[in-house]
Amino acid sequence: MHVFLPPLHRRGFRQRPPPFLKYLQSILRKYPDGGQILKELIQNADDAGATEVIFLCDERCYGTQSLAVEGLQRAQGPALVAYNDGLFSEADWDGIQSTGDSHKLRDPGTVGSFGLGFNSVYHLTDLPAVLSGPWLGVLDPQRAALADGGQQWHLEERAELADQFAPFWGALEVMGCGTGCPAAGRFPGTLFRFPLRHEPSGISDNLYSPERVRQLFLAFINDASICLLFLRHVRRLALKMVDGQGATTELLEITAAPRPLNGPGSVQDDVAAAVLATTACIKAVVAHGMATDGDTEREWLVVSAVPTEGAFPELAELAGALGSLPGMALAYPLRGGCAGHLCCFLPLPATEENTTGLPLHLNVPFHLTDDRRHVQWAEEDRGRDHAARWNQLLTEAVLPLAYRQAVVVAAAACPSDPYGTWPDPELSQHQQRYQSLAERICQQLWGMEALVPAGQPGTRRLRAMDAVFLPQNGAGEATLRVLEDALVQAGEPLATVPAHVRRALAAGGPAVKEATPAYMRKVLGRVGPAQYPADKRLLLEYVVGDKRYGELAGLELLPRADGGFVCFGGAGGTVYADSKAFPRILLPGLADSFLPEDLTPALLSHLQRIAEQGLFRNLVSLDPDVIKQNLKAALPADWFKGGSTHITWCLGGHPRQPPHQWLAAFWDFLQHHVRSLAPFEGHPLVPLAPLGKDARSLQLARLSPTPTLLFRSWEGRSLTEDESGILEALGCTVIQRWDQALWHRQLIDYVLAPTASNALRAFDHLGVAGVAARLRSLPPDRSRILCQFLSQAPASSLSDREAVVLGSLPIFQKIHSVSPPCPAGLVPAGSYQALERSTVPAVPEDLVLPEPVLRCRDEADRRLLLQTRDKLLGAAELALLAVRAVKEGVYAKRAPDTERLMLWVLRHGDTLFGHSKKLQTLCEELAFMDRDGTLVRAKELFDPQNTIFRALLGPRCFPPMAFRETAVLRSLCALGLKTSETAITPNHMLEAAQEVGRLQQARDAAGAMAKSQALIELCNWTPALGRFCQKKLQRLRELAWVPATDPTECQPNGPFFPPERLRSARYADLVGLAMPLTDAFQELVEEKLGLSRPPPPEKVLANLLLLAQGDQPKDIRTLMPKLHVIYQHMQQNRREFWVALSHAVLWTGNGFSVPAMAVLAYPDGLDLSCLVPRVPPELLPYRQLFLAWGVRDAVGEEELSQALCRLGKEIEGRAGGGTEAELRLTVAILECLKNRGHQGDRDLPVPVQAPGGSGFILRPASSALY
């Protein structure tokens, strides 16, 4: 049941538009006041195809008599006038009246929006007017003057409405665009006039004065220089003012003249070109007027980019939905820089949000916010906003690629500044959005060939991954210049880029290659010193910075004080590093061989550490050992010429002579740092007098291990004048005064204290014969004074040698004896001896010995004789006398007597040698055993009791049979008979090795093997090989003496091979089937004999081929380890195995194949093992070797076709056709060819039903029916 209610209970319900003024006020709130008003008018002019735009602030007032309506009087005052040479179309007339519904939204080729952006003029006016073509239109939204809200008048009414048209003619005259109405009755352009609001109205309370217009102009001037960069038509822009008296001011005039670049393809980036159509031009922007500092001209490179069709599908879809075009442009100043600004054909307001931090301006067709001040970015609360997504795609997808092209074009247009367009990521950190954009741009640039090679600007650009860069570790400018010179001269791909480019590369991709100290060392080692830069010190300071000093080897960077450089570790001369403890004055003649004194502290510290670590033989830290080794070279050469014991040191700055301070400094060094003076023996270091300040010369004596220098006074002991005179007469040097500052604990060993024993030592060092001769020439009383002085020595205080010297002095009185008589007189005591009655051992009766007897004249003689003999001769002394007689040739013609004498001494050697070391020493040097007619010493023969000796050596190397008694051999061993295997010489070993061959030829296998084993034992357990020179070692390698078997010979020549033909058994897997091996030697011996050398490549290849032969077992467990060893060796030494291209084989899992037939991998999902051999996965680590041999990386299309043909032939000869598995394989191959886009040909085999059977066969595609 329906209930009908009367109309009283119903009412209307609908949405109503807001009052127009309220709507207009809301637009003004969105569109800001300021310079943006002028930009809106410029955009509208550009959309209309205008080429010039002029703004005029007209402060004049015009007549009010002939107006269409009285209310238009308010429009006759000061106004902002805008002129462009474009014409209003009917659509424009309609659009300017349709607020909020712009007709331009339907035209993607336009920028502005009449009815939207144009309404921002209501910030300054209530009655906007426009003159274009035959019409003058005035809008009055308040309907204060025009009841319909606006009115148009035709130019035919200009006479009746003269005052109403007058402001327009006046403005055109000032702008230089004509005087009065156009003759054709049609204005060929567009002129806007906006009377300034001078009182609040229903539209706005915002009042505008001419001064505010001036401020509006000045605000706009900041962006005016870039306003013409991206407009399509406008090429001229002017700002003018005319005051109330008609005086005109030209504030600004800007013109833009584009000049297309020739052929953008010549500098086209391939990546960008794949998705963008780009053009480029140079725009010369010239500005002049009162608002500029004179005439200024600036050239801009403008690169425009439009996505190609299908490149960005989503962007194309959005373009259709939004009515926009995705073209964009980038402008880069060819001179000077710019703070990158965001533009939408005209610059957006200069806010932080619109500042990109990029070095160029971006013009992108963004969709803007309602106030047209900012880009409409995608936010979380905006959902799937098409405009925001459009802006996002332009920024993330298109703009980085367009930037690539801009970089390429800018680099070509500005070769002097190829990196001006590169972004600096640090400048875009203020906005996450621009930081992300900069990173995307940097990622694009990282892979480009955009880096200029240093020193080679005309060559191909480099990619970041291929270039090397200077360090950023704080190295100074001078160091960087040196590094750059070094890298350029070395031909390295150096890219010297500004810091912001390095930051861009860091943001865009992996870390780049930097010229680290290690990298520089490798470069310098490769190019050699001829290409080093001039400032080697700075270069050295850099390359040692990482303290990897060992890698300096071979670099000619080690500085010398003479200004030269030598190689680290080279043979070009030693360089010394001194220190405070060891100053360079210690080696005065080597001053040029030290490190320079003016090195930087840092470099000096590095070099001192290198020297201290002893890394290089030619950089030595000065220390006592170095000073010892080089002192002679550091002193004048004439100091060491001749046999003089004393030299003259010329002082006073004499050239090539040590300075005055040297002697004191050197003795200070000796005192504090040298324990023993022995290494300095032979050097003139002992002053014979104190060194005076004004001395012109000084006598220096040499430090001698056989000193003849004596102090006249030392520690309370002194020589008398007579004693000093006698010693000097006998050849000694007595130092009268000594500088106590020159001291060393061993000084007294080289300058002797004035004692009797030291005098005897000095006589010994001078030569006893010479002293004795001089002594005989002295008066007898002088000899008595010497005897008295020498007798002061305490009893038994003289050494044996001193006693011998004493006994050699002719100061003893000789008496007659039973030996042949001699004249009485002073003779040496050593000339006469006496024998004890009973001796142990007993002396044979047939031995004949002299019997000297000396007479003591007084107590001094007695004390002196007791110093040489504490008793008469015993057996040992007799033996000594006898052996001396043998040595002196007394028994030269009495061989039996010599043998009896020596056998007596040797049979009792334990006793006699124990009593007399002199006897033993004399016997050691005595040649008394006959070997093949030559007398030899005991030390020249070998102990016959040693089995290795007997195996290696011949009979002539052992003592005669008469001397082989056990006691005699024991004594001979004490005299030096060789008992240790270390006595074997290289010649002995070479003779033994040759003897192995001779014994083998004589069929004495046991003897040959014994010598061989003895040689092997000698090599393994003694340092015998270390004594071989290279030539003899090579000879040993060439002799056949090592037992081994050659696996390649069916009937080996013999069991012995030269080491040269052998290799260590460690190479069994590598060449065990191809050459003889041995495991008889220790590792160090193998290296010496060359057994550890890598086998010859041909043997390795032969071993591989033997493995591949059919008669070799194919047990995978044993085969694969050997193959790994062989292939790994071949890959590591690929250069030696190029020859293997025609002979090599490789394992394919179930057999061997030639490389040309195999591949590394099958297509995914395709098993071709029955058709094409494949390298097993476990052998893929050797892919480089296999590829070099001709193994293909993958199966090609042609080979797949051939595989089908081979399969077809196999099936053809088989009854019943192909199997199901073969069919699946065939289909898989065809599917693979299809996926690869293979077009094939008419002969490509395809599966068809086998005639009369259930299987299939393969037939050419041209013969198959589908």
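Residues numbered from 1 in each chain as written. Predicted model: local features only at pLDDT ≥ 70, side-chain atom pairs only at ≥ 80, totals over all residues. Heavy atoms only, no water.

**Some thoughts on the packing of aromatic side chains**
Throughout the structure, instances matching the rule amount to 31 aromatic pairs. With a centroid separation of 6.2 Å and an interplanar angle of 45 degrees, the aromatic rings of Y1127 and Y1182 are classed as tilted. Taken together, the residues span a long stretch of sequence, with Y1127 in helix α36 (residues 1116-1132) and Y1182 in the loop between β40 (1159-1161) and α37 (1183-1189) at a distance of 55 residues. In this pair, the class of Y1127 matches that of Y1182, namely buried. Three or more aromatic residues link up through ring pairs in this structure, and these residues are F582, W639, W649, W662, F666, F669 and F680. Between the NZ or CZ atom of R212 and the centre of the ring of Y208, over which it lies, the distance is 4.1 Å. (Phe/Tyr/Trp six-rings, centres within 6.5 Å; stacked < 30°, edge-to-face > 60°. Helix = DSSP H or I, 4+ residues; strand = E, 2+ residues; numbered from the N terminus. Buried < 20%, exposed > 50% of the residue type's maximum accessible area, 1.4 Å probe, protein only. Lys NZ or Arg CZ within 6 Å of the ring centre and 35° of its normal.)

**Points about the sheet that holds strand β24 (residues 709-711)**
Spatially, β27-β24-β28 is the arrangement adopted by the three strands of the open sheet, whose pairing is parallel. The open sheet has two free edges, formed respectively by β27 (733-735) and β28 (751-752), since each of these has just one partner strand. Where β24 meets β27, three bridges bridge the pair, whose relative direction is parallel. Within β27, the residue paired with F711 across the bridge is I735. (Pairing = 2+ DSSP bridges.)

**Concerning helix α27 (residues 917-924)**
Owing to its 3.6 residues per turn, the α-helix aligns residues three or four sequence positions apart on the same side. What α27 keeps buried is the set L919, Q920, L922 and C923. Projected down its long axis, α27 shows its buried positions confined to an angular sector of 165 degrees, all on one face. Considering only its buried residues, α27 is in contact with α24 (875-887), α25 (895-907), α26 (909-915) and α29 (966-974). (Arc of directions from axis to C-beta. Contact = heavy atoms within 4.5 Å.)

**A few points about the state of the cysteines**
On inspection of all chains with the given rule, the structure shows zero disulfides. Just so you know, C732 is unpaired, no disulfide at all, and the nearest cysteine sulfur is the one on C787, 15 Å from it. C732 gets classed as buried once you look at its relative accessible area, which sits at 5%. (Disulfide = S-S within 2.5 Å.)

**Side note on the packing of helix α17 (residues 721-729) against helix α21 (residues 780-790)**
The interhelical angle for the contact between α17 and α21, taken along N-to-C directions, is 105 degrees, at an axis separation of 10 Å. With respect to α21, the axis of α17 lies roughly perpendicular. Listed contacts from α21 to D722, E723 and I726 of α17 are R782, I785, L786 and F789. A breakdown of the residues in the contact of α17 with α21 according to their chemical character gives four nonpolar, no polar and three charged. (Axes fitted to C-alpha atoms, helices over the stretch in contact; angles between N-to-C directions. Parallel < 35°, antiparallel > 145°, perpendicular 65-115°, else oblique. Nonpolar A, V, L, I, M, F, W, Y, C, P; charged D, E, K, R; others polar.)

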